[in-house]
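Chains, contacts and geometry: an overview
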Amino acid sequence: MKIIFENKRPKESIVNDIGSCQTSTIFTMGESFLFQGDNFIGMSEILKLYKGFVDLVYIDPPFNTNRIFSVGEHRTSTISRKKNDKSAYSDVMDTDSFLKMMYERFILIKELLSEQGSLYVHIDTKMGHYFKVMLDEIFGKECFKNDLTRIKSNPKNFDRRAYGNQKDMILFYSKNPKKNIWNEIKETLEENEIESKFPKIDFDGRRYTTIPLHAPGESKGITGRSWRGMMPPEGRHWRTSPEEFEKMDAAGIIEWSSTGNPRIKKYADEHKGKKIQDVWSFKDPQYPLYPTQKNQDMIELIIKQSSNEGGYVMDCFAGSGSTLMAAIATGRKFIGMDMSSVSIEIIKKRLEGYDYVFEG
């Protein structure tokens, strides 16, 4: 399936434009970079020298809202505006022009991603389905990983003939679905979850639960042998060898019921956390530095999950610079791009507290 829009160019034509692009304004900060100008030109500049070295791209591009976003002297104006507010960026394009713009940038992003790289695209549900078809075409539908739902605000009560809107979406793709960096970041259990999942209390006050000594699947090896005259139930095997069971029993890790049924103790303080699911609740700053500024904790989670320390994280719609700040906080290098002078000045100001020297 392919997406169709006016003036769509073939991939080869788009990639061939790389060599002809003129230089944008580049600020170097050690091994990190900040580009001021059109991000097609910025990515083209990088691709002239490097290809396939960015491990993670997170972008929060324009949502094709047909609005001009502005910033005031004392706070950012998103819904409310004042006459003397300064324009931050324009999001006024017809749908075909917007899709063409994003299509061409997605192609360059794929060129920049490493074989273990991932792309997270933050978008609303009005444009998200177009992006899904577009990214399936560019990356391949087998590279689609998740459609994340992000709860962005409190319940709304707009006077319109439709449901309120509390969410937007993040599309998660990998360059290679079998090689993408995945650090399996876990979510800490809440206190009520600990009490529910670990209802027993040991003699030393530690909370625990118990699980069977056996697991699904038959085995003809050591995990299928007899232990203390017992065999695993039909269709199951021991979780470990009988020799390990002896060590565990001696250490008090096996609990015996009054009827002689053994079970393994699992302690709450050894639990590694629960898997993060695909519905998130991260609300954005109430008084953002820049229009549509996103929650930095959310971006840090993405960076920790899909990149490694020392690697490159790119945001070519940098806005307030939250992705760049999150990259610094998690020990990554960054590449930021934005054509808005307001954006660049805000990013520079946010970087003042760090040991970065702007060159260029």
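Look up: the structure comes first, before these words.
Description of the structure in this document. Bear in mind the structure is a predicted one, so any value in this text is a computation, not a measurement.

With that out of the way, let us pick up the pairing of strand β19 (residues 312-315). Side chains of β19 alternate between two faces, with Tyr312 and Met314 and Val313 and Asp315 buried alike. Judged from the 2 bridges that link them, strand β3 (residues 54-59) and β19 form a sheet pairing that is parallel. What sits directly across from Val57, in β19, is Met314. In the classification by handedness, the crossover that spans β19, the intervening helix α8 (residues 322-329) and the parallel strand β20 (residues 333-338) is right-handed.

With mixed pairing, the 9 strands of this open sheet are ordered in space as β1-β2-β20-β19-β3-β7-β9-β8-β18. Edge positions in the sheet fall to β1 (25-29) and β18 (279-281), since each has one partner strand and no second. Strand after strand, the sheet turns through a mean of 15° between neighbouring axes, direction not considered. With 5 bridges connecting them, β1 and strand β2 (residues 32-36) associate as antiparallel partners. Bridge pairing in β2 links Ile26 to Phe35. Against the sheet, helix α2 (residues 39-49) touches β2, β19 and β20, its axis set at about 145° to β20. Sitting on the sheet, α8 touches β2, β3, β19 and β20, and the angle it makes with β20 is about 175°.

Where like charges cluster on the molecular surface, the negative patch consists of Glu187, Glu190, Glu191 and Glu195. Secondary-structure assignment places Glu187 in strand β10 (residues 186-187).

Spanning 18 residues, helix α3 (residues 95-112) covers 26 Å between terminal C-alpha atoms, matching the ideal 26 Å at 1.5 Å per step. In terms of residue burial, α3 counts as a mostly covered element, since 14 of its 18 residues are buried. Two or three places before Asp96, at the opening of α3, Asp94 has a side-chain oxygen 3.2 Å from that residue's backbone nitrogen.

Our focus in this paragraph is the environment of Gly331. Relative to the elements of secondary structure, Gly331 occurs in the loop between α8 and β20. Among the residues examined, Gly331 registers a relative accessible area of 37% and is labelled partly exposed. Remark: the alpha-carbon pair of Gly331 and Gly310, spanning 21 residues in sequence, is separated by 6.1 Å. Filtering out sequence-adjacent residues up to four positions away, Gly331 remains in contact with Glu309 and Gly310.

Once that is clear, we can look at the nonpolar core. Buried together is how nonpolar side chains tend to be arranged in soluble globular proteins. Ranked by size, the top nonpolar core spans 43 residues in total, and within it Ile59, Met102, Phe106, Ile109, Leu119, Phe131 and Met314 carry the most contacts. Put simply, the parts of the chain that give this core at least two residues each are α2, β3, α3, β7 (113-123), α4 (125-139), β9 (167-174), β19 and β20. It is α3 that provides the largest number of residues to this core, a total of 10 residues. Judged by nonpolar contacts, the second largest core, of 28 residues, contains Ile276, Ile302, Val313 and Ile347.

We now examine the side chain of Asn39. Considering the arrangement of structural elements, one finds Asn39 in helix α2. Residue Asn39 is classed as buried on the basis of its relative accessible area, which comes to 7%. Discounting chain neighbours no more than four positions away, the residues touching Asn39 are Arg105, Cys316, Phe317 and Met337.

Moving on: the packing of aromatic side chains. On inspection of all chains with the given rule, the structure shows 15 aromatic pairs. Geometrically, the ring pair formed by Phe33 and Phe35 is tilted, given 6.4 Å between the ring centres and 40° between the ring planes. Looking at Phe33, the relative accessible area reads 23%, which means it is partly exposed. Ring geometry for Trp238 and Phe245: centres 5.6 Å apart, planes at 90°, overall edge-to-face. Among the aromatic residues, ring-to-ring pairing joins Trp227, Trp238, Phe245 and Trp256 into one connected group. The ring of Phe139 has Lys110 sitting right over it, with the charged end atom 5.8 Å from the ring centre.

Enumeration according to the criterion identifies 24 salt bridges in this entry. Asp136 is the partner of Lys132 in a salt bridge, and the nearest nitrogen-oxygen pair spans 2.7 Å. Placement of the pair is Lys132 and Asp136 together in helix α4, with a separation of 4 residues, close to one helical turn. We classify Lys132 as partly exposed; its relative accessible area is 24%. With its nearest N and O atoms 2.8 Å apart, the salt bridge here joins Glu255 to Lys200. Of this pair, Glu255 sits in strand β15 (residues 254-256) while Lys200 is found in strand β11 (residues 200-201), placing the two residues 55 residues apart along the sequence. Exposure remark for Lys200: the relative accessible area of 34% places this residue in the partly exposed category. Overlapping salt bridges, with partners in common, bring together Arg9, Asp17, Lys100 and Glu104 in one network.

Thresholds, definitions, all that
Residues numbered from 1 in each chain as written. Predicted model: local features only at pLDDT ≥ 70, side-chain atom pairs only at ≥ 80, totals over all residues. Heavy atoms only, no water. Buried < 20%, exposed > 50% of the residue type's maximum accessible area, 1.4 Å probe, protein only. Helix = DSSP H or I, 4+ residues; strand = E, 2+ residues; numbered from the N terminus. Pairing = 2+ DSSP bridges. Right-handed = clockwise from strand over helix to strand, strands pointing away. Axes fitted to C-alpha atoms, helices over the stretch in contact; angles between N-to-C directions. Contact = heavy atoms within 4.5 Å. Patch = residues over 30% accessible without salt bridge, like charges linked within 9 Å, V, L, I, M, F, W, Y side chains within 5 Å. Areas by Shrake-Rupley, 256 points an atom, 1.4 Å probe, with all protein chains shown as cover. Salt bridge = Lys/Arg side-chain N within 4 Å of Asp/Glu carboxyl O. Lys, Arg positive; Asp, Glu negative; His and termini not counted. Charge placed at Lys NZ, Arg CZ, Asp CG, Glu CD. Expected span 1.5 Å × (residues − 1). Polar contact = N/O pair within 3.5 Å; in protein donor to acceptor, adjacent residues only side chain to side chain. Core = buried A, V, L, I, M, F, W, Y, C linked by side-chain atoms within 4.5 Å. Phe/Tyr/Trp six-rings, centres within 6.5 Å; stacked < 30°, edge-to-face > 60°. Lys NZ or Arg CZ within 6 Å of the ring centre and 35° of its normal.

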